[in-house]
Amino acid sequence: MLDCSAIPVAESQAFGLSFAFPPALVAFLFVSLQIVILAAGVGKRMRSDLPKVLHAVGGRPMLALVLDAARALKPARIVVVVGHGGEEVRAAFPQTDLLWAIQDPPQGTGHAVQQAIPLLLKEGSVLVLNGDVPLVQATSLAPLCAAADAGRLAIQAQPLKDPTGYGRVVREKDGHVLRIVEHQDATDEERRIREMYTGMMAAPAASLARWVGALKNNNEQGEYYLTDVIAMAAAEGIDIAVAQPGHEREMKGINSKAQLAEVERALQCALADALLEQGVTLADPGRIDIRGTLTCGRDVAIDINTVFGGHVELGNRVTIGAHCVIRDCRIGEDTVVRPFTHLEGVIIGAHCDLGPFAHVHPDTELADGVELGNFVEVKRSRIGTGSKAKHLSYIGDATIGRNVNVGAGMITCNYDGAYKHRTIIEDDVHIGSDTQLVAPVTVGKGATIGAGTTVWKDVPPGGLVVNEKRQLARPEWKRPVKAAKAKS
Ligand code: UD1
Ligand code: MG
């Protein structure tokens, strides 16, 4: 028997790094490799209206992760088989390098491959991937492709402590693979086999087409099982190669919400491990969620329970406090993000100090040394170097210069009920507490706005602006007192 785990594969990055960073260019080149991804199952066990392969793992549809692994192998073609919810799946993947086969209604994984055959070249080899096994890595698939290139049938399999639900690899006493038996069809003795099939196989294109064409559906589920081709190949005397995934988590399939949660955690653990390996300090690697990509400079420290989404870049020595949500942001060196801060679509300079409880919306740029404190909300604004808004403010559609001090409770009144208007605050302005700037309005360089002022006209540079108000003192005034209730 050919043990594919012995076939040397290209050295790759440690597991997890390819998730944490844009997928590595893996230097595999197989002659006319084609890949079929099975994504047409109804996914009944998910109890959801969303097609199974669109459920998110690490913030992306699980099919996107399988496609990353597929594309890293540089195949000549990728065919995705869709059925239930097919239009929705296709719409989520508009990339032009994909071919789509329709399987309607789905009648099993073997039937799904049958639908892909007309879209495949007759030459070369075919790798079949399950769309619901998303942590698969290209490095682990390469041995299968190499074996198929050499004219063999290769499967990926893994001994598990508890392989319940998975197909089991039935071998002869001498180790030769005979067939795969599905859990539902297995005898008690077969269910005791711990070696499970991960759903990945590779074979020469011509043989695969012949085998799937001859499948029967006389089994417990009345389906055409792709796994039955193993017995066909074995019957033809073909030596079946078996390769193990690089890590056990790679083989985890998702058929239920419990498995979805399990795979998500496995991915997060791998990402956290990769960050630790890289020198990032994590207060607790079990309490970080990366739903996208996170890149970190040196000496970055991340406290518990922060959710990163989209693409986030943290510069050297950035500190992230507990319970933040950070999505699509670039954060400059030495910036401190304090607990419970929500940042989305923000470019943040160096030495900034944000939060706790700051909320910054997309299309915002904060220059170096900006400070935003408790309950400060900023939207579609530019804030210049060294400017501060430390307490309870709303800054929307504003351009704020350098060294501006925004007092507690300042609000830009940017919305007239129909349109949004801009507020411009020039350098060195000081704005007193509880002020309203009614946009469109400009406050000139170096001006000071007194506390409690409503600014509805442009303010010239320098000097002080206050509203006319009188403070009245009425010493004789008495606070109302409730009358005592009459006793009944
Ligand atoms: C399948 C394997 C099982 C293996 C497991 C690994 C078969 C018969 N069984 O079981 O041996 O241990 O994966 O995770 O192959 N699909 C279609 N069309 C269909 C049915 C399924 O495209 O008619 C797709 C699904 O969308 C899914 C994949 O094929 O992405 C696997 O189907 P699923 O029903 O999840 O099979 P499992 O029971 O997990
Ligand atoms: Mg499955």
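Note that residues are indexed from 1 along each chain, following the sequence as it is written. Working convention: letters from A go to chains and numbers from 1 go to ligands, in the order in which they are written. Totals for whole chains, interfaces and linings use every residue, but because this is a predicted model, local features are given only for residues with pLDDT of at least 70 and side-chain atom pairs only at 80 or more, for both listing and counting. The basis for every side-chain value is the complete set of heavy atoms in the structure, and neither hydrogens nor water enter the calculation.

Novice: For the site of ligand 1, give the residues involved together with the corresponding values.
Specialist: Nearness is judged by heavy atoms alone; a residue qualifies as near a molecule or strand once a single heavy atom is within 4 Å of it. Of all residues adjacent to ligand 1, which total 24 residues, the nearest are Gln103, Gly108, Thr109, Glu182 and Tyr197. Between N or O atoms, a polar contact is any pair within 3.5 Å; within protein, one atom must be a potential hydrogen donor and the other a potential acceptor, and residues adjacent in sequence are included only when both atoms are from side chains. Within the side chain of Gln103, one N or O atom sits 2.7 Å away from a nitrogen atom of ligand 1. Protein contacts shield 92% of the accessible area of ligand 1, which totals 750 Å² for the unbound molecule. Taken together, the residues of the shell around ligand 1 sort by class into 9 nonpolar, 11 polar and 4 charged. Per-residue and other accessible areas were derived by the Shrake-Rupley procedure at a 1.4 Å probe size, with only the shown protein chains allowed to occlude residues. For this classification, the nonpolar set comprises Ala, Val, Leu, Ile, Met, Phe, Trp, Tyr, Cys and Pro, the charged set comprises Asp, Glu, Lys and Arg, and every other residue, Gly included, is treated as polar.

Novice: Can you tell me about the pattern of salt bridges, naming the residues and giving the values?
Specialist: Note on definitions: salt bridges are taken to be side-chain nitrogens of Lys or Arg within 4 Å of carboxyl oxygens of Asp or Glu. For the structure on display, the rule yields 18 salt bridges. Put simply, Asp132 and Lys52 hold a salt bridge, and the shortest N to O gap is 2.8 Å. Taken together, the residues Asp132 in the loop between β6 (125–130) and α5 (138–149) and Lys52 in the loop between β1 (33–39) and β2 (56–57) connect sequence positions 80 residues apart. In terms of burial, Asp132 and Lys52 fall into one category: buried. Close ionic contact of Glu371 with Lys390 constitutes a salt bridge, the shortest N to O distance being 2.8 Å. You can see Glu371 sitting in strand β25 (residues 371–379) and its partner Lys390 sitting in strand β27 (residues 388–396), a full 19 residues away along the chain. Under the scheme applied here, a residue whose accessible area is under 20% of the maximum for its type counts as buried, over 50% as exposed, and between as partly exposed, the area being computed with a 1.4 Å probe on protein chains only. In this structure Glu371 comes out as partly exposed when scored by relative accessible area, which is 21%. Segments assigned H or I by DSSP are reported as helices when at least four residues long, segments assigned E as strands when at least two residues long, and all are numbered from the N terminus.

Novice: Describe in detail the domain arrangement of the protein, supporting the description with residues and values.
Specialist: It is common to report an interface's size as the accessible area lost on association of the parts. Those domain boundaries reflect an automatic or database domain assignment. Annotation of the protein at the domain level lists domain 1 (10–251) and domain 2 (257–465). Taking only C-alpha atoms, the centre of domain 1 and the centre of domain 2 are 44 Å apart. Joining two parts hides part of their accessible area as seen by a 1.4 Å probe, and the buried area is that hidden amount summed over both. Buried area between domain 1 and domain 2, summed over both chains or domains, comes out near 1,500 Å², and the portion from carbon and sulfur atoms is 71%. At the surface where domain 1 touches domain 2, the tally comes to 0 salt bridges. For the interface between domain 1 and domain 2, the tally reads 2 residue pairs in polar contact (both at pLDDT 80 or more). Of all the secondary structure elements, the ones that give two or more residues to the side of domain 1 that touches domain 2 are α1 (17–20), β2 and α2 (62–72). A per-element tally of the side of domain 1 that touches domain 2 places α1 first, with 3 residues. Along the lines of polarity and charge, the residues of the side of domain 1 that touches domain 2 split into 13 nonpolar, 5 polar and 3 charged.

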